[in-house]
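# Summary of the model geometry
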Amino acid sequence: MNRRSLRALAAAAVAAVALAACSTTAPSGDSSSGGAPAGPKKVTLQLQWFTQGQFAGYFAAVDQGFYKEQGLDVTIKEGGVDIVPQQVLATGGADFAIAWVPKALASREQGAGITDVAQIFQRSGTYQVSFANKNIKAASDLRGKKVGNWGFGNEFELFAGMTAAGLKPADVTLVQQQFDMKALLSGDIDAAQAMSYNEYAQVLEAKNPATGQLYQPSDFSVINWNDAGSAMLQDAIWANTERLASDTAYQDTTTKFIAASIKGWAFCRDNAAKCRDIVVKAGSKLGNSHQLWQVNEINKLIWPSPAAGAGTIDDAAWAKTVQIARTAVNADGQTVLTKDPDAGAKNTTYVQKALEILKGQGVDVVGASFKPETVQLTEGGN
């Protein structure tokens, strides 16, 4: 696929919103009769990618009955390459969606009525990975290199890191990377974009032809954008702005949905292998060791959480994300945002209420003592 601008995606979302406004069908979280529902309230969650450990907490909340105990019957819709979760949410195709903050804010700037109600990932999971012998240890070392990235709004941490290092997009050869690590392993590119919980594991699951054994972390250099200072907030729970403002039932559902979701993530923090099994059972096409790695790495992005609890929207991290989204310029000369988001782009009311529910249940919502596991990967992640 060719690179698409964020504005093109967001414009599509706006057009779809206009069409949705003509519909008389109530979203699944509404009660058309205005009375009490006869059973659990049906809720739909739109993921931003395929079924995998990245979303283990939500699948665990279904499997362990955490949504059910909040009176919710949750259906999880799988994402994919051509699915824009914030667009699905804005057009009434889901009650909640999981999306990266900068991408969702770009859609909101173009008119999509969506609000960040719980910031699940507190840290970025994006890496730039290269073979150690390329001596690419920092963004400044990318000068003159063939640098892969996925585009579609996934590239702005890279460009922000390059800008901070005094590099312009023209100082590197940018390569449209597929959503895998084949180009890096074959030597077609010098540095590849990777998520800590997915593509980075793929290179460690590959066999080194020089040794006949799996590659080791020492074979690679990793630029972690958290360390480089250009990390942006990623997976968050987004809700429909208009419904939050006018629908008391939806407000209540939002609180309950967040509470059950965070409880699911707390369960995965303490039961990584069990959550791996839940995700595999839910239909993931990835192997067992790969999924365990993924759940473990996702836990690192969530736990420990801020003192206020998981899902808290940290003001400093939010401001940093907005600053990068407004100033980092990609190869097309575009930024993610042209102005600061309005106050309705985030709302901490519901996560605060949700955390109170969980504290009342005795759930550890901070995970201060969390320690990640050591996961042994196997060839192909099987």
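Note that the structure is predicted; figures quoted are calculated from it, not measured. Numbers given for residues are sequential positions, taken from 1 along each chain in its written order. In keeping with the predicted nature of the model, local features appear solely for residues at pLDDT of at least 70, side-chain atom pairs appear and are counted solely at 80 or more, and the whole-chain, interface and lining totals rest on all residues. As a convention, hydrogens and water are excluded, and side-chain values are obtained from all of the structure's heavy atoms.

A separate point is the overall build of the protein. Only DSSP runs of H or I covering at least 4 residues are called helices, and only runs of E covering at least 2 are called strands; the numbering of each starts at the N terminus. In terms of helices and strands, the protein carries 15 helices and 10 strands. Relative to the 2.2 N^0.38 estimate, which gives 21 Å for 382 residues, the radius of gyration of the protein is 21 Å and therefore close to what a compact globule would have. Overall, the protein is about 65 × 45 × 35 Å in size when its C-alpha atoms are taken along their principal axes. Exposure categories follow from relative accessible area, calculated using a 1.4 Å probe and restricted to protein chains: below 20% of the type maximum is buried, above 50% is exposed, and the middle band is partly exposed. Relative to its 382 residues, the protein shows a buried fraction of 53%. In this analysis, two residues are considered to be in contact whenever any of their non-hydrogen atoms come within 4.5 Å of each other. When contacts within the protein are restricted to residue pairs at least 6 apart in sequence, those whose partners lie at least 24 apart make up 80%. Computation of the radius of gyration draws on C-alpha atoms, with the globule rule given as 2.2 Å multiplied by the number of residues to the power 0.38.

All right, on to unusual backbone geometry then. Note the cis peptide between Trp303 and Pro304, where omega equals -10°. Here Pro304 lies in the loop between α13 (288-302) and α14 (315-327). Look at Asn135: it is not a glycine, yet its phi comes out positive at around 55°. Within the secondary structure, Asn135 sits in the loop between β5 (126-131) and β6 (146-149). Located in the positive-phi region is Phe152, a residue other than glycine, with phi close to 55°. With respect to the secondary-structure elements, Phe152 resides in the loop between β6 and α6 (156-164).

The subject of this paragraph is the sheet that holds strand β3 (residues 96-100). Backbone-to-backbone hydrogen bonds pair the strands of a sheet. The strands run either parallel or antiparallel. Pairing between strands requires that DSSP locate at least two bridges from one strand to the other. Strands sit in the order β2-β1-β3-β10-β4 across an open sheet of 5 strands; the sheet is mixed. A single partner strand is all that each edge strand has here, and the edge strands are β2 (72-77) and β4 (114-118). In this sheet, adjacent strand axes meet at a mean angle of 35° when their direction is disregarded. One ladder, built from 4 bridges, connects β4 with strand β10 (residues 235-240); its direction is antiparallel. When the bridges of β10 are listed, Ala118 appears paired with Ile237. Running at roughly 110° to β3, helix α5 (residues 101-109) makes contact with β3, β4 and β10 of the sheet. Think of each axis as a best-fit line through the C-alpha atoms, taken over the contacting stretch in the case of a helix, with angles from 0 to 180 degrees between the N-to-C directions. Here helix α11 (residues 248-270) sits on the sheet in contact with β1 (41-46), β2, β3, β4 and β10, set at roughly 65° to β1.

Glancing now at the state of the cysteines. Disulfide: a covalent bond formed between the sulfur atoms of two cysteine residues. Counting rule for disulfides: a pair of cysteine sulfur atoms within 2.5 Å. Enumeration over the complete set of coordinates arrives at 1 disulfide. A sulfur-sulfur distance of 2.1 Å marks the disulfide that ties Cys268 to Cys275. Handedness of the Cys268-Cys275 disulfide follows from its S-S torsion of about -90°: it is left-handed. Classification of Cys268 as buried rests on a relative accessible area of 0%. Taking relative accessible area as the criterion, Cys275 reaches 1% and is therefore assigned buried.

With 6 of 6 residues buried, β10 lies mostly within the body of the structure. Two strands pair when backbone bridges link them, and β3 and β10 are joined in this way by 5 bridges, in the antiparallel orientation. The partner of Ala97 across the bridge, within β10, is Trp238.

Here we take up the environment of Lys182. For Lys182, the position within the fold is in helix α7 (residues 182-185). With 21 residues separating them along the chain, Lys182 and Gly161 place their C-alpha atoms 24 Å apart.

Our next topic: the environment of Lys256. Mapped onto the elements of the fold, Lys256 is located in helix α11. You can call Lys256 partly exposed: its relative accessible area is 26%. The sequence separation of Lys256 and Thr115 amounts to 141 residues, and the corresponding C-alpha distance is 16 Å. Those residues in contact with Lys256, other than ones at most four positions away along the chain, are Gln70 and Leu72.

Formed by 75 residues in total, the largest nonpolar core has its most connected members in Leu45, Tyr58, Ile120, Leu184, Ile237, Phe257 and Trp265. Take this core: its biggest share by element is 10 residues, from α11. Setting aside residues up to four positions removed in sequence, Trp265 forms contacts with Gly53, Gln54, Phe55, Ala56, Gly57, Tyr58, Ile120, Ile298, Asn299, Ile302 and Trp303. Definition used in this section: a nonpolar core is a set of buried Ala, Val, Leu, Ile, Met, Phe, Trp, Tyr and Cys residues joined via side-chain atoms within 4.5 Å. Judged by nonpolar contacts, the second largest core, of 25 residues, contains Ala97, Ala104, Ala106 and Val322.

Running from N to C, α11 and helix α12 (residues 272-281) cross one another at 120°; their axes reach a closest spacing of 5 Å. Considered as vectors, α11 and α12 are oriented oblique to each other. Of α12, the residues touching α11 (which contributes Phe267, Cys268 and Asp270) are Ala272, Lys274, Cys275 and Ile278. The residue makeup of the contact of α11 with α12, split by class, is 5 nonpolar, no polar and 2 charged. By definition in this entry, angles of less than 35 degrees are roughly parallel, angles greater than 145 are roughly antiparallel, angles of 65 to 115 are roughly perpendicular, and the rest are oblique. Each residue gets one of three labels, nonpolar for Ala, Val, Leu, Ile, Met, Phe, Trp, Tyr, Cys and Pro, charged for Asp, Glu, Lys and Arg, and polar for the others, Gly among them.

The next subject is the environment of Lys346. Here Lys346 shows up in the loop between α14 and α15 (349-360). Look at Lys346 and you get partly exposed, because its relative accessible area is 26%. Note: C-alpha distance between Lys346 and Ala259 (87 residues apart in sequence) is 17 Å. Those residues within four positions of Lys346 in sequence are excluded, and the remaining contacts are Thr115, Asp116, Ile313, Asp315 and Trp318.

The next subject is α13. For a helix, the expected span equals 1.5 Å multiplied by the number of residues minus one. In this model, α13 (15 residues) spans 21 Å end to end at C-alpha, consistent with the 21 Å of a helix rising 1.5 Å per residue. Within α13, 13 of the 15 residues are buried, which leaves it mostly tucked inside the rest of the structure.

Geometric descriptors of this kind do not, in isolation, establish any biological role.
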